[in-house]
Amino acid sequence: QSAKAATKLAPTKEDYQKVYNRIAEIIDDADDYDYGSFGPVVLRLAWHASGTYDKATGTGGSNYATMRFEPEALHGANAGLRVARDLMEKVKKEFDWISYGDLWTLAGVAAVQEMAGPKVPWRPGRIDGFAAQATPDGRLPDASQGAPHIRDIFYRMGFDDQEIVALCGAHALGRCHADRSGFDGPWTFSPTTFSNDFYKLLFDEKWVWKKWGGPKQLEDKKTKSLMMLPTDYVLTQDKSFKKYAKAYADDADLFFKDFSAAFSKLLELGVPTQQFVSSEPWVMQTVDEQKS
Ligand code: DDH
């Protein structure tokens with residue numbers, strides 16, 4: 001009886017570290033997938049689960065993991081994230097006590113950290129919600145638009161210009177898929193390593209509109225193998241955005257520090273403070289750190 005009761009105690013940081021480790025394993029087991037890693041698509045799941053937050057109404061955000069439900073699962077912006085949700089389902093089967101919101105956001109942390117990014121402070125406390133709490137379509141950014149749209153979307157979540165530019169640096173990772181968003185190609189030459197290359201390339205390369213039948217996107221004039229979305233390119237055109245983008249191109253440490261803070265904040269959007277188990281967010285260990 002007492003042994004059974006003990007297993008019902010609140011999970012500890014060590015328990016969440018075990019979940020983190022399992023996520024890290026699954027991200028890496030991707031021989032036949034993009035660049036051999038599920039890290040980027042898992043990171044995108046964490047971002048889209050959180051980026052629906054609306055501070056005016058307190059709705060959306062990572063708390064209820066409503067992307068499990070239709071129609072949110074079918075929103076255009078979420079095309080392709082089924083891949084990441086299905087991977088996380090494997091983890092959920094093994095650690096059934098974790099909420100989906102905690103699982104998906106912890107997976108975002110693991111993706112960033114295991115791809116050589118900064119430590120991202122994180123804490124558990126999200127609860128599973130219902131389909132009725134799902135958010136309306138249109139809360140995530142539209143890549144074909146300009147600075148006013150980007151500001152509308154991110155100010156609604158409670159971010160400022162500096163945080164917007166820092167968060168967009170995640171596009172150092174992964175790629176666009178023509179069969180998901182319509183856009184095509186990677187942003188950098190090292191899409192499974194977290195770096196400030198996104199900003200460096202924005203300023204160092206000459207970007208020209210790609211001539212093709214797909215949606216408007218830019219390609220680097222030199223190799224034609226990299227891409228930028230219209231919303232990425234705006235970070236070099238808008239005066240306020242440009243100031244931060246240049247600073248991150250010049251200083252990787254500054255980018256790592258600012259990304260960590262903004263991403264940690266993003267992952268907590270929509271979660272009432274009293275739900276958090278611990279008052280201070282935790283820093284989870286990377287797989288490599290645990291080896292030594
Ligand atoms: Fe993004 N993103 N994103 N993005 N994103 C896409 C892919 C990835 C926008 C549009 C797209 C963030 C901000 C923006 C990642 C992380 C983050 C794709 C391609 C589009 C389109 C999807 C596909 O075809 O598979 C727009 C617009 C914005 C914006 O800010 C205006 C942010 C804030 C993050 C973050 O993580 C903090 C990642 C990672 C990917 C690569 C996914 C993959 O499968 O690879």
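Residues numbered from 1 in each chain as written. Predicted model: local features only at pLDDT ≥ 70, side-chain atom pairs only at ≥ 80, totals over all residues.

A. Quick look at the site of the ligand. Within the structure, the ligand sits among 25 residues, and Pro40, Pro141, Ala170, Gly174 and Ser181 are positioned closest to it. At the level of elements, α3 (39-50), α7 (161-168) and β1 (175-176) are the ones that each hand at least two residues to the shell around the ligand. Looking at the shell around the ligand element by element, the count peaks at five residues for α3. Its residues assigned to classes, the shell around the ligand comprises 15 nonpolar, six polar and four charged. (Near = placed C-beta within 6 Å. Helix = DSSP H or I, 4+ residues; strand = E, 2+ residues; numbered from the N terminus. Nonpolar A, V, L, I, M, F, W, Y, C, P; charged D, E, K, R; others polar.)

B. Seen up close, unusual backbone geometry. The amide bond that connects Glu70 to the next residue, Pro71, takes the cis arrangement and shows omega of 5 degrees. You can see Pro71 is positioned in the loop between α3 and α4 (82-94). In the Ramachandran plot, Tyr35 falls in the positive-phi region, its phi being about 50 degrees despite a non-glycine side chain. By the element assignment, Tyr35 lies in the loop between α2 (13-28) and α3. Judged by local crowding, Tyr35 falls into the partly exposed class, with 16 C-beta atoms found within 10 Å. We note that Ala116 has phi near 75 degrees; this positive angle belongs to a residue other than glycine. The residue Ala116 is located in the loop between α5 (100-114) and α6 (147-157) in this model. (Buried ≥ 20, exposed ≤ 12 C-beta atoms within 10 Å, placed from the backbone.)

C. The arrangement of α5 in detail. With 15 residues, α5 should reach 21 Å at 1.5 Å per residue; the first-to-last C-alpha distance of 20 Å fits that figure. With 15 of its 15 residues buried, α5 lies for the most part within the structure. Phi turns positive one or two residues past the end of α5, at Ala116, with a value near 75 degrees. (Expected span 1.5 Å × (residues − 1).)

D. A look at the sheet that holds strand β4 (residues 218-220). Pairing is antiparallel across the open sheet formed by three strands, whose spatial order is β3-β4-β5. Because the sheet does not close on itself, it has two edges, and the strands there are β3 (207-209) and β5 (227-228). Sheet analysis places β4 next to β5, joined by two bridges and oriented antiparallel. Paired with Glu219 across the two strands is Met227, which belongs to β5. (Pairing = 2+ DSSP bridges.)

These results come straight from atomic positions and should not be treated as a statement about function.
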